Structures are given as structure tokens and as C-alpha cells.
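Working through the structure, step by step
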2 protein chains.
Amino acid sequence: MLRIGIVKESASGERRVAITPDLVPRLLAAGLTVLLETGAGAAARFPDGAYGDAGALIVSADELYAGADIIACVHRPPTSRLRRGQFVIGLLHPDPAYTGDLAARGVTAASLDLVPRTLSAAQPMDALTSQDTVAGYRAVVLAAGAFERFFPLLVTASGTVPPARVLVLGAGVAGLSAIGTARRLGAIVTGYDIRPEARAEIASLGAAVLDLDGEGSGQGGYARALTETEQRDERGVLAAHVARHDVVITTAKVPGRRPPLLVTEAAVKEMRPGAVIVDLAAGELGGNVEVSRPGERLVTENGVIVIGAENLPATMPAAASTAYAHNVCAFLTHVLRDGALASDPDDAIHAAVVFTGGAA
Amino acid sequence: MLRIGIVKESASGERRVAITPDLVPRLLAAGLTVLLETGAGAAARFPDGAYGDAGALIVSADELYAGADIIACVHRPPTSRLRRGQFVIGLLHPDPAYTGDLAARGVTAASLDLVPRTLSAAQPMDALTSQDTVAGYRAVVLAAGAFERFFPLLVTASGTVPPARVLVLGAGVAGLSAIGTARRLGAIVTGYDIRPEARAEIASLGAAVLDLDGEGSGQGGYARALTETEQRDERGVLAAHVARHDVVITTAKVPGRRPPLLVTEAAVKEMRPGAVIVDLAAGELGGNVEVSRPGERLVTENGVIVIGAENLPATMPAAASTAYAHNVCAFLTHVLRDGALASDPDDAIHAAVVFTGGAA
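Just so it is clear, the model here is predicted, and its values are computed rather than measured.

1. Description of the relation of the copies chain A and chain B
The operation relating the two chain copies consists of a rotation about an axis and a shift along that axis. With an RMSD of 0.0 Å, chain A superimposes on chain B once it is rotated by 180° and translated 0.0 Å along the axis. As the rotation angle and translation indicate, the two copies are arranged about a two-fold axis. Take the interface residues of chain A: 100% of them recur as interface residues in chain B, which is what a same-surface contact looks like.

2. Notes on unusual backbone geometry
Unusually for a residue other than glycine, H93 of chain A sits at a positive phi of about 40°. Mapped onto the fold, H93 of chain A is located in the loop between β5 (87-90) and α4 (96-105). Of note, N311 of chain B is a non-glycine position whose phi angle comes to about 50°, a positive value. Here N311 of chain B lies in the loop between β15 (305-308) and α10 (317-335). By relative accessible area, which is 31% here, N311 of chain B ends up partly exposed.

3. Some points on the domain arrangement of chain A
Buried accessible area, meaning the area lost when the parts come together, often serves as the stated size of an interface. Residues and elements named next belong to chain A. You can read the domains of chain A as domain 1 (3-114 + 321-355) and domain 2 (128-314). Computed over C-alpha atoms only, the centres of domain 1 and domain 2 are separated by 33 Å. Facing the 10 residues of domain 1 at the interface are 6 residues of domain 2. Both sides of the domain 1 and domain 2 interface together cover about 640 Å² of buried area, and 50% of this is carbon and sulfur. The tally of links between domain 1 and domain 2 comes to 0 salt bridges. Joining domain 1 to domain 2, the criterion identifies 4 residue pairs in polar contact (both at pLDDT 80 or more). Considered class by class, the residues forming the side of domain 1 that touches domain 2 number 3 nonpolar, 3 polar and 4 charged.

4. Concerning the nonpolar core
Core analysis: the largest hydrophobic core is formed by 80 residues, its most contacted members being F151 and I249 of chain A together with F151 and I249 of chain B. The residues contacting I249 of chain A, other than those within four sequence positions of it, are A139, V140, A143, L167, V168, L169, A178 and V278 of chain A.

5. With respect to the sheet that holds strand β11 (residues 208-209) of chain B
Residue and element names in this part refer to chain B. Here we have 7 strands laid out as an open sheet, ordered β11-β10-β9-β12-β13-β15-β14, and mixed in their pairing. Each having just a single partner strand, β11 and β14 (297-299) make up the two edges of the open sheet. Relative to β11, strand β10 (residues 188-192) runs parallel, the two being bridged by 2 bridges. Residue pairing for β11: T190 is matched across the bridge by A208.

Reading guide: rules and limits
- Residues numbered from 1 in each chain as written.
- Chains lettered and ligands numbered in written order.
- Predicted model: local features only at pLDDT ≥ 70, side-chain atom pairs only at ≥ 80, totals over all residues.
- Heavy atoms only, no water.
- Least-squares fit on C-alpha atoms with pLDDT ≥ 70 in both.
- Contact = heavy atoms within 4.5 Å.
- Helix = DSSP H or I, 4+ residues; strand = E, 2+ residues; numbered from the N terminus.
- Buried < 20%, exposed > 50% of the residue type's maximum accessible area, 1.4 Å probe, protein only.
- Domains from an automatic or database assignment.
- Buried area = accessible area lost by both parts, 1.4 Å probe.
- Salt bridge = Lys/Arg side-chain N within 4 Å of Asp/Glu carboxyl O.
- Polar contact = N/O pair within 3.5 Å; in protein donor to acceptor, adjacent residues only side chain to side chain.
- Nonpolar A, V, L, I, M, F, W, Y, C, P; charged D, E, K, R; others polar.
- Core = buried A, V, L, I, M, F, W, Y, C linked by side-chain atoms within 4.5 Å.
- Pairing = 2+ DSSP bridges.

Okay, here's the thing in C-alpha cells:
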């Protein structure tokens, strides 16, 4: 009987856990034994007892890494603790060095960031989508918290308050989630994306579409990287729109590359005091907003609040972990046959997601 | 020509300002000269320049207190700076000692917390209502920020997420504002109030009404204070409902008294990890929630997040100041006759709001 181990994440600020207590019975039903590293769910407010009640065995980290056949995680687990024949499933963002390290140890891995996003059978495993849905919602909650006015229109005896005007740049999963949430809260929302198909999705949510010239669909549903000239033109036209909005949420990413710069320092200077920017692309490589810093909230000289939002799913760990656990379970259900990991390189999902040749 | 002075608030954490730049033209049109204490709007992100552009004169604090006939403020201004014949308008919460101090200095004052809330002509001046509307909205934004799951129902490929269940205790202005906002965000909302007329308002917002036995309408639209026995019974029945909710927002106040204790420490212990409480009544005298502390956010041993929300309007200063400025202007428009403060003790609003006999 295969044993799956749920590890305690060690990355700084990471509060998610790969499997939530409510999904333990599903793993048991699939014929697995479930081990939980003690405290693995604590930061997401899932106590050990909740896992124990669901049928998991609570073990130490040493026992987990020694005993588990499958390691369920969010981020890469410590490579030095892995052993030959183990199978790791997580959001591993593999690069050649990492793949080589795992292969050298005889470890097989599945990375849910490699799920083919356009394949409908793979959607239940699409962890980037599930986590971006959280991030987009959270970005609006953060923006509403930082904004010192109302989002909705209010008509009161003390005057009529106009609704907040929200601009969402990039209408992938996170952007669409942000658009839907800002509209729920009563804001007037405009969305922008360089992909024509994304513009249709913005409109389907009832938001206005900002239609600049230019077109930039790329591979796998992502936007292509624009040329330097195209980017400069885009920034110039966007600046005037940015200045007219109360809240700007940026979500534009291009896989494996620096995020495009969409909002320059000069554009931020044209915004009104009290305007709010949330840059969901902020990270080590930079972000969509020139002045944003990952993990920081700053106020510019002209009173614009700029939030460099890093790893937002970790700040809503109960929701993000629950969705992620569904993704992990969906993948495991797909690859488990009679209680064992079945290797099927002809399967499109398997071929895309499993990235070192090994036991699976 | 009367001069009105907009003072810079000195209370700790207070970011509101009594008059916003957009209302300066209205005061000028009423025949007033407008003085602004330099920096008075800065914390609400209204720079001096915005007032200057609107026609105000930017002056020092000394110049303001020396030169103004009318002092517009949120909290009590320093009594020592006031002089004979001045008229103060603010949220002054007068007590006999304060009234005596002002009378001794020959100062007349109008306190917008004394506006008769049931008189429809007074509604545009009702600053408690305008500020409570902000507080109720803000309480939900805070709760959504603290809650580590989604408010709305989500149906996704990664599973169906049930909506958050929100319970609002006390359905005055703040409670109704919270109910409306939580419903906007997609939560399942239940409201509770001991006044039958408030229950009808909960229902009119589309929320469920929690109907316990007992009835407690009081004077002026407020709830009456329940007896000790009634309160104990109420707490006991509420506890079971509190435990079933993800988010609890408490807003019950009784004028001039300690807020009723609605949620005991034992009730909080029965809540789930990750549940959120926002106590809008938290203050020096205590709050509706036994474990809340004003101005603090704490996490209980069982993982419940308890926010003692103190002066929420000050954390949304642009919106709160704009609404408050409308209230101040509405009152001034009511009492100004031909550019002078008219005294009319037969007027119900004047009689209720102006509390020291003086020049007005």
C-alpha cells in the first residue's frame, strides 16, 4: 500500500498545505495511507487533530521523508531528504538543474505548474488556475482595504458617492477573478488585455474593455512577449487611462520571463492622491509597476498607495490550500491504478507534468 | 463676513478633516470666508493646494484660532485656544463638564452627535449615520481581509467553495451597512437586532433575520438596555448561532452606556479556527465581544481572529471626511441667515444640537 506524506512547507511566508483534512478520506479511498508531518496544516489553521480525525497518521519530518512513497507539497521539498523511488508532487517550477538533481537521486516528480492549461481533462489539476483565482480575489480585498473611499455607489442623505473606478491590466485567471470581485463590490471596472480572446472574457463579466491597438496572443493561452517598441507604445497609451482610475490591479505575466512593465513611475505620478495600485506580478524579476517592490506597501510622494503583492494565495491559506489539494488529488486519481502509480507516457497530462523518468 | 476655520485634528489616529476641498465653494457661496489650518487635510490625502485652489486661505493654527468665527472640527478642539464669541461645530459628545468649560469661555457649540436622528429634515446633518455607514462597510472589508477563505460561492474545476456565513449583531446604521456590503461580496448574511423595526430592515436588504425571543426598542431609534437576566439569556442563545458562522460583526451600542456583552469568551471558544470577529463597539468601556481589545487584532488559542475595531471612519478618511463635511455644511446652511448665525431656539434641530447659550 502506497504511503503519501503531507509535508510542512518551509518557504518564508508560506502558509499553504498541499492536502487539507477534508480530502484525506478521498486519498484513503484511493488506497493510500496518509502521513502528515506534524504541524503541516497549522499555518492554514488545520490542526493535526483534524487530519487525525480524518484518518491520517501524524508523524515527524524524519518519519515522513523516510516512510512516504509520494511526497505532497506546495514548494520544492529539501532535495537532500528525498530518496530513490520517491514521487514528488507540487508546484515545483522545474529548471534543468532541479530536474538533474532529482534524476541523480532517482526521484520522479510531477509539477502541477506544467499542467496543459488548454486541455479540459486537466482542468481539475490546474493549480496555477486555482491559485490565481485566489490571488485575483485577494488583490481586490487588499485594494479595498488600502482604498480610503467606498467601492460601491452610495446615495445617502450626506450626499451621493460615486463608485470607485477600477482598472485591471491583464485578464488571465487572476485578472478575471479580480474583475469579478471588484464588480461584486460595486466598482466600475475596466479590463485590458492584449489577447483578443481575453477581451471577450472581460466583456462577458460585464466590465468595460479597454481597447488599445495591438494584438498579442501567444502560446498555451498566454500573451506573447511584445517587442520593446510595442511595449513603449502600450505604456504611453496606458498612462492616461491609469491616471483616470482610482484603483489599478496589474496581473500581466509571461511564462519564464520578466513581467512586462505596464505602469511607469511617471504614470504613477499622474494618479490622484489616495489612488491604489496592486501589482500581482511583483517579484524578484520586477513587476508590472515600475515603483512596486515585492512584499511591500509604499506610499508615493503624491499619495498613491502601491502594493507589491507577492504570493497572495499564501495569505488566504485555507481557501488556497483547499483548492490546491483538489488539484493534487485530481492528478493522483489520474495516475493511480489499483493503488500503484501507473506510468503512461502516451497520456498527454502525464507527459506534460511528470518530468523525470523514474518509478512512475 | 464670518470666517470659518478648518482645524487640523490632533487626536491620536484621527485622519479625518471636517471640511473637504470640494465643499469649500459651498461655504464661500454661503458668504463665509474659509480658513484652513495648514496640513489639516493631509492625513485624509487632501493637500493644502486643493483647498487653496478651491478658494480657502491657508493659515497657521495661531491665525486660525485667532481669526475664525466658526471652528469646524471632528473632535473637541483645545478649549484653551477658543475665545469669546466663537462657534464650534463638531462631534463633541458634550458632557456637563465640557458644556461648563465652553460656557465659561463664552463659546457656543453645536454637536452633530445630538442631531435628532428620527427627524427627516435633520438627516443631511446626521454625522453619526454618515460615519456609521463608513464603519459598517469598513468592518466587512476588514473581515474579508482577515478571513482566509472566499466570501462568495465559487464553482470551479478545483471544487465548489461554499459562501462565507456572516452574522451581523445589531442592525443600526453600521449593522445595515455591514449587511449590505457582506451581501455584495457574496456572503450568506444573517442579521440580528432586538428591535422589531430593525428586523424588517434586515429582511429588506435580503439577509436572513435571526429571531430570538425578546423585544427591546428604546428611545430615539436606539435599542433599550436589556436587564441583566435578559442579557444573559440573549448571550446563551446567541452562542450557538455564533459558533455556526464564519464571520461575526457586532455593532450594538446603547448611548452613554457600556455596550452590551453579546459574545462571551466561551462562545468564541466554540467557533472554528479561521473564523473572524469584528467588534465595532470595542472601546474604553468594553465592547460586544468579551475578548476584543480596542484597536487590536488578536488570534485566540483556537485560531479565531478577533478585531477590536476602534474609530473605523478614521481609517477611510477620504470617504468619512467627505460625508462628514456634507453634514457640517448642511447644518451651517440651516443656521446661517444672511451670512450670520441665526439663533432660533424654537427650531427643533437648533434646540437639540446647540448646547451652550451664546452668540448664536
